[in-house]
Amino acid sequence: MERREEQPGAAGAGAAPALDFTVENVEKALHQLYYDPNIENKNLAQKWLMQAQVSPQAWHFSWQLLQPNKVPEIQYFGASALHIKISRYWSDIPTDQYESLKAQLFTQITRFASGSKIVLTRLCVALASLALSMMPDAWPCAVADMVRLFQAEDSPVDGQGRCLALLELLTVLPEEFQTSRLPQYRKSLVRASLAVECGAVFPLLEQLLQQPSSPSCVRQKVLKCFSSWVQLEVPLQDCEALIQAAFAALQDSELFDSSVEAIVNAISQPDAQRYVNTLLKLIPLVLGLQDQLRQAVQNGDMETSHGICRIAVALGENHSRALLDQVEHWQSFLALVNMIMFCTGIPGHFPVNETTSSLTLTFWYTLQDDILSFEAEKQAVYQQVYRPVYFQLVDVLLHKAQFPSDEEYGFWSSDEKEQFRIYRVDISDTLMYVYEMLGAELLSNLYDKLGRLLTSSEEPYSWQHTEALLYGFQSIAETIDVNYSDVVPGLIGLIPRISISNVQLADTVMFTIGALSEWLADHPVMINSVLPLVLHALGNPELSISSVSTLKKICRECKYDLPPYAANIVAVSQDVLMKQIHKNLPQEVHSSHPQPGVSGTDPRCSAPQTSQCMWLMQALGFLLSALQVEEILKNLHSLISPYIQQLEKLAEEIVVVVLQQVFQLIQKVLSKWLNDAQVVEAVCAIFEKSVKTLLDDFAPMVPQLCEMLGRMYSTIPQASALDLTRQLVHIFAHEPAHFPPIEALFLLVTSVTLTLFHQGPRDHPDIVDSFMQLLAQALKRKPDLFLCERLDVKAVFQCAVLALKFPEAPTVKASCGFFTELLPRCGEVEPVGKVVQEDGRMLLIAVLEAIGGQASRSLMDCFADILFALNKHCFSLLSVWIKEALQSPGFPSARLSPEQKDTFSQQILRERVNKRRVKEMVKEFTLLCRGLHGTDYTADY
């Protein structure tokens with residue numbers, strides 16, 4: 001439907017330059033974007049189209065692009081342009097055109113109900129945005145009107161088509177609300193209006209889901225719509241009928257995934273814990289899925305077992321405190337816990353034969369935290385019930401941590417092996433945490449089992465069983481002080497009895513010895529029991545990481561007891577150094593732990609790009625420092641002489657000239673392998689070392705490297721490229737001659753990363769982490785980078801706020817670091833000051849949400865740093881924002897009284913000098929938010 005004379009907003013759109021944004025030119029640009037093989041042409045087309053979408057002419061060409069004779073890609077662009085105009089430039093639309101715009105959108109949605117689904121969705125999003133902007137005053141019953149209009153019998157579209165179009169519209173409405181740019185006061189009004197309008201949606205959904213005549217495609221769309229609405233924090237009791245219908249739909253294989261998603265979203269609402277009666281009704285429904293779960297496990301149906309486990313974990317993890325509080329229902333909750341235990345111990349090896357057990361690990365943290373947060377009397381009761389459960393959990397986890405047979409493991413891909421390694425790190429973290437509940441008895445339990453295994457003559461034991469028990473012991477000893485444990489002497493005595501016939505077992509033996517190095521320092525007589533094992537392992541390249549790191553720990557902790565062994569250690573070390581047995585450590589792997597903020601205990605997650613040879617030298621440094629001067633000099637001479645000769649040879653070469661020649665070769669390699677992530681990573685590693693080593697001498701190559709880095713990152717965004725960019729910014733950005741290429745690279749990687757955020761950054765926590773570090777470095781080293789007009793500072797700011805909500809602790813820390821660099825520059829960098837003024841409230845809300853319980857307590861110092869910076873550099877704004885934010889009921893935690901919130905805001909606003917005091921206030925406040933204040937559990941927090 002064309003509009004030539006009265007495009008909404010055309011009059012008030014501002015005097016932008018009149019670029020030639022005609023229908024014909026838009027179609028040409030879209031063709032270029034989709035089909036031109038030249039990447040530069042694609043980029044130019046994309047930039048031009050982005051300008052077209054926000055131009056006044058978009059009101060005209062959008063409707064023309066939706067004509068039936070256009071292909072779906074062109075129609076999609078037209079619908080997207082309408083959405084952008086409505087959502088971002090609402091104030092440009094005269095009020096007298098609201099109704100005609102609404103009518104046109106309804107007409108287009110009706111037409112596309114039987115057309116392209118992607119275009120239909122974008123049109124529904126546009127109408128949803130319009131509805132949110134008009135609610136509640138200009139369109140008070142928006143949702144009810146939508147339902148009524150699409151149920152009209154006189155429509156040319158068939159009933160099922162209208163029904164699916166209505167459901168699509170109702171599905172995107174809450175999603176659009178979540179991402180809308182409505183001011184906070186409007187958001188509250190609209191949220192309240194939507195809560196009322198639920199009454200027009202849920203009865204319709206119940207009817208469609210329960211009536212036998214509803215086709216599968218409609219019922220699936222109903223479940224997705226329900227899933228979308230519950231995220232508006234609809235009272236759980238209002239969802240009861242739909243949740244029960246969703247549980248019934250789990251028996252239908254076509255509806256299974258959508259049912260799981262809807263149930264999990266409904267159960268996981270933050271507000272759901274208030275509706276304890278409804279939660280108690282859900283437990284039998286979840287327990288009723290146990291037969292279906294067992295059947296799925298027997299049949300190897302991983303999708304079904306995974307989905308049912310998600311439901312059980314969602315109920316247990318989100319509401320363990322509320323359900324534990326119902327003491328009279330302890331048996332039904334225990335039954336749920338046992339069901340989750342079944343999911344933890346699901347047969348098969350993760351990630352090859354099962355992918356479910358990893359979902360449960362966070363639940364065990366949460367349950368333990370909640371039990372330990374009760375007052376002493378209630379805690380004692382639950383300890384009695386749940387200590388046996390946690391001992392069973394340890395057995396289950398150690399069974400799950402076992403390696404498969406050598407033959408089976410040989411068929412695993414490298415990716416499967418890496419996932420299994422990360423999974424074992426997660427298990428290690430869980431065991432370390434469980435020690436808090438079970439204490440020394442856990443170590444005795446593990447030691448007794450290992451002792452029985454190694455001393456039994458009845459049946460041969462598998463190396464996998466031995467390795468898992470040792471791994472459990474190492475997991476705890478790595479972080480818990482075991483110096484006073486009475487089982488360690490026995491364990492040290494058992495280690496030499498282990499028949500080491502396997503690399504994985506040998507690795508774990510080494511790491512276990514390393515974890516006990518502090519104990520060995522207090523009991524030096526036992527060093528001779530294990531040191532020969534470590535020195536023997538040094539000669540095996542496959543044990544490179546574990547043997548070198550263990551020797552380093554022993555030399556660091558026990559150096560004053562090692563002189564009798566020094567000659568042997570130096571001789572073995574020198575031998576392996578000369579034979580070049582130890583190469584470089586692998587690049588650091590980003591592993592996700594089940595509990596944000598709990599650090600990995602596996603030393604195999606080592607610092608990137610560190611050489612084992614360097615570690616070995618550090619070990620020898622610790623050792624030699626405890627010897628007599630004459631001994632030190634004698635050993636140093638024999639160790640260092642070969643390296644001095646190598647250095648003399650290298651000094652004769654002009655390194656940069658050599659590197660420039662190598663650069664040509666690398667460019668040739670990249671031209672063929674630019675799409676290979678491993679090649680790109682290796683190239684970044686080469687140049688990162690070169691830049692760090694040569695520093696200012698690298699200068700002649702800066703423009704070439706910037707250009708190549710830009711190409712690499714545009715093709716495959718990788719954290720390694722961002723880390724190298726950060727090095728260049730750090731060393732060269734302050735030099736006027738090098739600023740242009742570095743600025744161009746900085747703008748390019750920022751643009752690509754912002755696009756990644758737009759597509760969904762949750763799969764790339766490592767990239768987000770490195771991006772935040774890059775931004776912080778830019779602000780620290782060269783704030784002028786934020787003055788460039790082409791840098792979308794607002795988008796950068798909003799992406800950083802999003803990154804604060806990631807579950808990965810390193811990413812959150814990096815994001816906090818960015819804000820603590822950004823806020824002090826409010827006054828000196830005009831775009832920074834502008835974005836803080838406009839969006840600083842959003843940052844504060846995210847920080848308060850994190851403190852209120854959404855982030856790990858271990859990250860509270862980082863969020864306190866942001867509050868301190870806001871107070872110091874944006875005091876007048878913060879004083880308004882914090883009071884407004886904390887006035888919202890239940891924010892940031894339902895456990896807080898208005899008086900506690902008022903006290904906190906006053907304390908924060910008063911403290912503009914002492915950062916340590918702010919950190920203490922935040923720690924105190926987060927305990928109140930979590931209901932942990934004053935409990936024994938937080939005594940050492």
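Residues numbered from 1 in each chain as written. Predicted model: local features only at pLDDT ≥ 70, side-chain atom pairs only at ≥ 80, totals over all residues. Heavy atoms only, no water.

Asker: What am I meant to see in the overall build of the protein chain here?
Answerer: For the protein chain, the helix and strand inventory stands at 43 helices and zero strands. Relative to its 941 residues, the protein chain shows a buried fraction of 54%. Taking all contacts inside the protein chain whose residues are at least 6 apart in sequence as the whole, residues at least 24 apart take part in 75%. Just so you have it, the protein chain exposes about 41700 Å², and 52% of that area is on carbon and sulfur atoms. (Helix = DSSP H or I, 4+ residues; strand = E, 2+ residues; numbered from the N terminus. Buried < 20%, exposed > 50% of the residue type's maximum accessible area, 1.4 Å probe, protein only. Contact = heavy atoms within 4.5 Å. Areas by Shrake-Rupley, 256 points an atom, 1.4 Å probe, with all protein chains shown as cover.)

Asker: Help me understand the nonpolar core, please; the structure alone is not making it clear to me.
Answerer: Proteins that are soluble and globular tend to have nonpolar side chains buried together. Trp229 and Tyr386 are the most contacted members of the largest nonpolar core, which totals 196 residues. If one sorts the elements of this core by residue count, helix 6 (residues 117-134) sits on top with twelve residues. Tyr386 has contacts with Leu324, Phe333, Leu334, Val337, Leu367, Ile371 and Met437, leaving out every residue within four places of it along the chain. Ranked by size, the runner-up nonpolar core spans 100 residues in total, among them Leu728, Val768, Leu775 and Phe819. (Core = buried A, V, L, I, M, F, W, Y, C linked by side-chain atoms within 4.5 Å.)

Asker: Sorry if this is basic, but what is going on with helix 10 (residues 216-230) here?
Answerer: Given 3.6 residues per helical turn, the α-helix brings residues three or four places apart onto the same face. The end-to-end C-alpha separation of helix 10 is 21 Å, in line with the 21 Å expected for 15 residues at 1.5 Å each. Along helix 10, the positions that sit buried rather than exposed are Val218, Lys221, Val222, Leu223, Cys225, Phe226, Ser227, Ser228, Trp229 and Val230. Summarising the contacts, the buried residues of helix 10 are in contact with helix 7 (142-150), helix 8 (159-179), helix 9 (184-210), helix 11 (240-249) and helix 12 (256-267). (Expected span 1.5 Å × (residues − 1).)

Asker: What should I look at first to understand the confidence of the model for the protein chain in this one?
Answerer: Close inspection of predicted coordinates is inappropriate in any region flagged by low pLDDT. On average, residues of the protein chain carry a pLDDT of 85, and 87% of them reach 70 or more. Element-level mean pLDDT values for the protein chain span from 54 in helix 31 (residues 655-673) up to 97 in helix 16 (residues 330-344). Per-residue pLDDT stays below 50 along residues 584-610; that stretch engages in 78 contacts with residues further than four places along the chain or on separate chains. (pLDDT = per-residue confidence, 0-100.)

Asker: Help me understand the environment of Leu359, please; the structure alone is not making it clear to me.
Answerer: With respect to the element layout, Leu359 can be found in the loop between helix 16 and helix 17 (361-372). The class of Leu359 is partly exposed, set by a relative accessible area of 28%. For the pair formed by Leu359 and Arg310, sequence separation is 49 residues and the distance between their alpha carbons is 7.1 Å. Setting aside chain neighbours within four positions, we find Leu359 in contact with His306, Cys309, Arg310, Val313 and Glu317.

Asker: What exactly am I supposed to notice about the side chain of Gln464 here?
Answerer: By the secondary structure assignment, Gln464 is in helix 22 (residues 463-477). Polar contacts involving the side chain of Gln464 include one to the main-chain carbonyl oxygen of Pro404, which spans 3.0 Å. Not counting chain neighbours up to four residues away, the residues in contact with Gln464 comprise Gln402, Phe403, Pro404, Ser405 and Asp406. (Polar contact = N/O pair within 3.5 Å; in protein donor to acceptor, adjacent residues only side chain to side chain.)

Asker: Which parts of the structure should I look at to understand the pattern of salt bridges?
Answerer: Opposite charge on two side chains allows them to pair when their charged atoms are near. Counted under the stated rule, the structure contains 31 salt bridges. Residue Lys780 is joined to Glu821 by a salt bridge in which the shortest nitrogen-to-oxygen separation is 3.9 Å. Separated by 41 residues along the polypeptide, Lys780 in helix 36 (residues 765-781) and Glu821 in helix 38 (residues 809-822) bring together distant segments of the chain. For Lys780, a relative accessible area of 53% gives the class exposed. You can call Glu821 buried: its relative accessible area is 18%. A salt bridge links Glu821 to Arg825, with the nearest nitrogen and oxygen atoms 3.5 Å apart. The pair formed by Glu821 and Arg825 is uniform in burial state, with each residue classed as buried. Through salt bridges with shared partners, a single network forms among Lys794, Lys834, Glu838 and Asp839. (Salt bridge = Lys/Arg side-chain N within 4 Å of Asp/Glu carboxyl O.)

Asker: Would you explain unusual backbone geometry in this entry?
Answerer: A negative phi holds for most residues other than glycine; trans holds for most peptide bonds. Following Phe350, the chain continues into Pro351 via a peptide bond in cis, with omega recorded as 0°. Its location among the elements puts Pro351 in the loop between helix 16 and helix 17. A cis amide bond, omega -5°, links Phe891 with the succeeding residue Pro892. Within the fold, Pro892 resides in the loop between helix 41 (875-887) and helix 42 (898-910). The phi dihedral of Glu233 is positive, around 60°, even though this residue is not glycine. Mapped onto the secondary structure, Glu233 falls in the loop between helix 10 and helix 11.

Asker: Would you mind going over the packing of helix 27 (residues 544-557) against helix 29 (residues 612-625) with me for this structure?
Answerer: The description of two packed helices rests on the angle between their axes and on the distance between the axes. Two elements in contact, helix 27 and helix 29, have axes whose closest approach is 8 Å; the angle formed by their N-to-C orientations is 20°. Between helix 27 and helix 29, the interaxial angle falls into the category roughly parallel. Judged by the sense of rotation from one axis to the other, the crossing of helix 27 with helix 29 is left-handed. Of the residues in helix 29, those in contact with Ser544, Ile545, Val548, Ser549, Leu551, Lys552, Cys555 and Arg556 of helix 27 are Gln612, Trp615, Leu616, Gln618, Ala619, Phe622 and Leu623. Per-class residue counts for the contact of helix 27 with helix 29 are nine nonpolar, four polar and two charged. (Axes fitted to C-alpha atoms, helices over the stretch in contact; angles between N-to-C directions. Parallel < 35°, antiparallel > 145°, perpendicular 65-115°, else oblique. Left-handed = near helix turned anticlockwise from the far one by under 90°. Nonpolar A, V, L, I, M, F, W, Y, C, P; charged D, E, K, R; others polar.)

Asker: Would you explain the packing of helix 2 (residues 39-54) against helix 4 (residues 72-88) in this entry?
Answerer: Between helix 2 and helix 4, the least distance of the axes is 8 Å, while the angle of their chain directions is 55°. Relative to helix 4, the element helix 2 lies oblique. Relative to helix 4, the crossing made by helix 2 is right-handed. Along the contact surface, helix 2 presents Leu49, Gln53 and Val54, while helix 4 presents Phe77, Ser80, Ala81, Ile84 and Lys85.

Asker: Looking at this structure, how should I read the packing of aromatic side chains?
Answerer: Each aromatic ring pair is specified by the distance between its two centres and by the angle formed by the two planes. Here the structure, examined in full by the defined rule, presents 23 aromatic pairs. Taken together, a centroid distance of 6.0 Å and an interplanar angle of 45° make the contact between Tyr382 and Tyr386 tilted. Taken together, the residues Tyr382 and Tyr386, both in helix 18 (residues 376-400) and four residues apart, mark about one turn of the helix. Taken as a pair, Tyr382 and Tyr386 share a single burial class, namely buried. Ring geometry for Phe420 against Tyr423: centres 6.4 Å apart, planes inclined by 35°, an arrangement best described as tilted. Of this pair, Phe420 and Tyr423 both sit in helix 20 (residues 414-438), three residues apart, roughly one helical turn. (Phe/Tyr/Trp six-rings, centres within 6.5 Å; stacked < 30°, edge-to-face > 60°.)

Asker: Sorry, what's going on with helix 9 here?
Answerer: Counted at 1.5 Å a residue, the expected span for helix 9 with its 27 residues is 39 Å, and the 38 Å between its end C-alpha atoms agrees. A bend of about 40° at Glu197 is the largest found in helix 9. (Bend = angle between axes of the 7 residues up to and from the residue.)

Asker: Any chance you could explain a nonpolar patch on the surface here in plain terms?
Answerer: The grouping of Val629, Leu633 and Leu636 at the surface amounts to a nonpolar patch, some 270 Å² of accessible area in total. Along the chain, Val629 falls in helix 30 (residues 629-651). Relative accessible area serves as the criterion here: at 52%, Val629 is assigned to the exposed category. (Patch = residues over 30% accessible without salt bridge, like charges linked within 9 Å, V, L, I, M, F, W, Y side chains within 5 Å.)

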